[in-house]
Amino acid sequence: MLQISFYDSVEDALLRFAVIISKTEGKWVFCKHRERDTLEVPGGRREPGETILETARRELREETGAIVFSLRPVCAYSVKGKNSINKHDDDISYGMLFVSEVFSFGEIHSEIEKIVISEELPDNWTYPQIQPKLMAEAERRGFSL
């Protein structure tokens, strides 16, 4: 079982991921990866030399085709437990959670097959133990979604 924790801040060097909860015209923006039948929130790994904010901007553009958007940090988070990133039960990975309003879209340039814009949250999450908790934390912290 994965343990998800939230922080006001963590050491920048620990942040490996940016996850961006996104809406457009009041509807959720989700990604459908080419190799999966599930939906996920845009996000991805930090590249060398990037700030975590640059990671969030790049991932949102690549995975949704977002051209004009707002982007605000919510909090840092950690995932403890064995998963596709953590190799052992005691491993911990850290990320930064953002919220975004997307005002215009262009082409998608990534492994994402398509975006899905929906009024409802999906039943078929790619990361069901993580992403719904990130969304709940953003709402708990007062970020209007």
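Residues numbered from 1 in each chain as written. Predicted model: local features only at pLDDT ≥ 70, side-chain atom pairs only at ≥ 80, totals over all residues. Heavy atoms only, no water.

Participant: Please set out the side chain of Thr55 residue by residue, giving values where relevant.
Facilitator: In this fold, Thr55 is placed in helix H1 (residues 52-64). Within the structure, Thr55 has its side chain in polar contact with the side chain of Glu50 (distance 2.7 Å). (Helix = DSSP H or I, 4+ residues; strand = E, 2+ residues; numbered from the N terminus. Polar contact = N/O pair within 3.5 Å; in protein donor to acceptor, adjacent residues only side chain to side chain.)

Participant: Break down the nonpolar core for me, citing the residues and quoting the values.
Facilitator: Within the largest apolar cluster, 21 residues are counted, with the highest numbers of intra-cluster contacts made by Ile21, Val41, Val74, Tyr77 and Leu97. The set of elements that each furnish at least two residues to this core consists of strand S2 (15-24), strand S3 (27-33), strand S5 (66-80), strand S6 (92-105) and helix H2 (131-140). In terms of residue count, S5 provides more of this core than any other element does, 4 residues in total. Ignoring anything within four residues of it in the chain, the contact list for Tyr77 reads Ser5, Phe6, Tyr7, Phe17, Val19, Ser93, Tyr94, Gly95, Met96, Leu97 and Leu134. The next biggest cluster of nonpolar side chains, apart from the first, holds 14 residues, and it includes Ala18, Ile20, Phe69 and Tyr94. (Core = buried A, V, L, I, M, F, W, Y, C linked by side-chain atoms within 4.5 Å. Buried < 20%, exposed > 50% of the residue type's maximum accessible area, 1.4 Å probe, protein only. Contact = heavy atoms within 4.5 Å.)

Participant: Lay out the pattern of salt bridges in plain terms, naming residues and giving numbers.
Facilitator: Evaluated as defined, the whole model comprises 10 salt bridges. When the shortest N-O distance is used, the salt bridge between Glu47 and Arg58 registers 3.6 Å. In this pair, Glu47 sits in the loop between strand S4 (43-45) and H1 while Arg58 sits in helix H1, placing the two residues 11 residues apart along the sequence. For Glu47, a relative accessible area of 40% puts it in the partly exposed group. When its relative accessible area of 14% is taken as the criterion, Arg58 is described as buried. For Glu59, the salt bridge is made with Arg58, and the minimal N-O distance between the two is 2.9 Å. One salt-bridge network, held together by shared partners, links Glu47, Glu50, Arg58, Glu59 and Glu62. (Salt bridge = Lys/Arg side-chain N within 4 Å of Asp/Glu carboxyl O.)

Participant: I'd love a proper account of the packing of aromatic side chains, names of residues and values included.
Facilitator: Per the stated rule, a full pass over the model turns up 3 aromatic pairs. Ring centres of Phe30 and Trp125 lie 5.6 Å apart, and the angle between their planes is 85 degrees; on these two criteria the pair is classed as edge-to-face. In this pair, Phe30 sits in strand S3 while Trp125 sits in the loop between strand S7 (112-118) and H2, placing the two residues 95 residues apart along the sequence. For Phe30, a relative accessible area of 1% puts it in the buried group. Cluster of aromatic residues (ring-pair linked, three or more members): Trp28, Phe30 and Trp125. Residue placement shows Lys23 over the ring face of Trp28; its charged tip is 4.3 Å from the ring centre. (Phe/Tyr/Trp six-rings, centres within 6.5 Å; stacked < 30°, edge-to-face > 60°. Lys NZ or Arg CZ within 6 Å of the ring centre and 35° of its normal.)

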